[in-house]
Amino acid sequence: METKYKKLLNSEWVKNLDNIFQFFGIVPKNYNDFVEALTHSSYSHENNLNYNYERYEFIGDAAISWIISNFLFSSNDLDEGEMSIKKAKLISGKILTEAAKKIGLPQLVIFGKGLESVSDKILENIFEAFVGVVTKQLGIKKAKIIIDYCIINPYLRGLIDTDKPYKTLIQEALMRSSSNEIKYIPVECNLNNFKKVKLVFDGIIYGVGVAKTIKLAEELAAKEAYSKLKHKNNR
């Protein structure tokens with residue numbers, strides 16, 4: 001076996017990775033891709049390497065999105081707005097971070113000496129990259145086995161709550177630092193039979209939602225606002 005990081009050969013790192021492979025029935029075509037998918041840019045920079053997990057993260061993000069979208073479409077009588085809301089919660093940073101921890105990825109992250117610790121955001125990205133490698137090497141069906149175990153099955157058992165409205169989540173997040181009122185303001189929509197709402201807080205537009213009802217448009221505006229806020233806090 002050859003890898004991009006030769007020190008990993010016959011190491012505890014490989015044993016831990018093989019344990020994950022065995023658990024999910026994965027027979028990797030090579031280890032190189034997995035080394036790349038588990039390498040943080042801090043290590044790449046310190047060792048003048050031309051790879052890190054970001055390329056496989058791109059594939060994994062798309063694969064996870066498709067698997068969850070297909071699951072929601074097949075198993076629920078929901079419209080597109082409701083599916084969008086549930087999907088966003090099922091693939092949130094918190095859920096993906098917990099998934100990474102659940103299958104043992106934290107101990108496999110290859111990072112540089114300049115990085116004090118592996119953040120939850122990195123674990124989220126690493127999980128996406130890991131799923132990306134599995135998808136690229138072995139196909140979407142094998143990737144689905146991982147998503148079933150980490151996300152879909154816990155959701156079906158009621159262990160993942162997707163019912164808490166984004167309007168509640170964004171209110172909890174914004175009201176921690178201010179007592180100002182969150183406003184949902186209807187605006188003109190160019191689409192027939194659709195409503196458009198913008199979420200305004202402290203004079204700033206945090207999100208915009210478009211849907212067939214005002215209620216769902218408000219929820220979608222809150223979803224966009226909450227996603228932006230989470231992204232800002234994870235920088």
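Owing to the predicted nature of the structure, the values given are computational and were not obtained by experimental measurement. (Residues numbered from 1 in each chain as written. Predicted model: local features only at pLDDT ≥ 70, side-chain atom pairs only at ≥ 80, totals over all residues. Heavy atoms only, no water.)

Chemist: What is the right way to read a nonpolar patch on the surface from this model?
Modeler: A surface patch of nonpolar side chains, about 310 Å² in accessible area, is lined by Leu-191, Ile-205, Val-208 and Val-210. Structurally, Ile-205 is set in strand S3 (residues 204-211). Relative accessible area serves as the criterion here: at 47%, Ile-205 is assigned to the partly exposed category. (Patch = residues over 30% accessible without salt bridge, like charges linked within 9 Å, V, L, I, M, F, W, Y side chains within 5 Å. Areas by Shrake-Rupley, 256 points an atom, 1.4 Å probe, with all protein chains shown as cover. Salt bridge = Lys/Arg side-chain N within 4 Å of Asp/Glu carboxyl O. Helix = DSSP H or I, 4+ residues; strand = E, 2+ residues; numbered from the N terminus. Buried < 20%, exposed > 50% of the residue type's maximum accessible area, 1.4 Å probe, protein only.)

Chemist: Which parts of the structure should I look at to understand the nonpolar core?
Modeler: Within soluble globular proteins, side chains that are nonpolar tend to cluster in buried spots. Membership of the largest hydrophobic core comes to 50 residues, with the highest contact counts inside it found for Leu-17, Leu-105, Phe-127, Phe-130, Ile-146, Ile-147 and Ile-151. Residue assignment for this core shows that the elements contributing at least two residues are helix H1 (12-24), helix H2 (32-37), helix H4 (54-75), helix H5 (80-90), helix H6 (93-102), helix H7 (120-138) and helix H8 (140-156). Ranked by residue count, the leading element in this core is H7, at nine residues. Dropping the residues within four chain positions of it, Ile-147 is found in contact with Ile-64, Ile-67, Ile-68, Phe-127, Val-131 and Ile-152. Of all hydrophobic cores here, the second largest spans 22 residues; its members include Ile-170, Tyr-184, Ala-211 and Leu-229. (Core = buried A, V, L, I, M, F, W, Y, C linked by side-chain atoms within 4.5 Å. Contact = heavy atoms within 4.5 Å.)

Chemist: Help me understand the side chain of Thr-135 in this model?
Modeler: Position of Thr-135 relative to the elements: it lies in helix H7. Residue classification places Thr-135 among the buried positions, given a relative accessible area of 17%. With residues up to four places along the chain from it excluded, the contact list for Thr-135 reads Ile-59, Ala-63, Ile-140 and Ala-143.

Chemist: What is the right way to read the pattern of salt bridges from this model?
Modeler: Side chains carrying opposite charge are able to pair once their charged atoms draw close together. The full count for this structure, using the stated rule, is six salt bridges. One salt-bridge network, held together by shared partners, links Glu-98, Lys-101 and Asp-120.

Chemist: For this particular structure, what's the right way to read the packing of aromatic side chains?
Modeler: If you walk through the whole model with that rule in mind, you get nine aromatic pairs. On the basis of an interplanar angle of 90° and a centroid distance of 5.0 Å, the ring pair of Phe-23 and Phe-24 is categorised as edge-to-face. Taking the relative accessible area as the measure of exposure, Phe-23 reaches 53% and is therefore exposed. Among the aromatic side chains, those forming a connected cluster through ring pairs are Phe-21, Tyr-31, Phe-34 and Phe-130. In this structure, Lys-89 packs its charged tip against the face of Tyr-166, placed 4.8 Å from the ring centre. When the ring centre of Tyr-149 is taken as reference, the NZ or CZ atom of Lys-102 above it lies at 4.4 Å. (Phe/Tyr/Trp six-rings, centres within 6.5 Å; stacked < 30°, edge-to-face > 60°. Lys NZ or Arg CZ within 6 Å of the ring centre and 35° of its normal.)

Chemist: How do you make sense of unusual backbone geometry when you look at a structure like this?
Modeler: The general pattern is negative phi for most residues beyond glycine and trans for most peptide bonds. Backbone geometry at Asn-193 places phi at a positive 65°, although glycine is not the residue there. Secondary-structure assignment places Asn-193 in the loop between strand S1 (183-187) and strand S2 (195-201).

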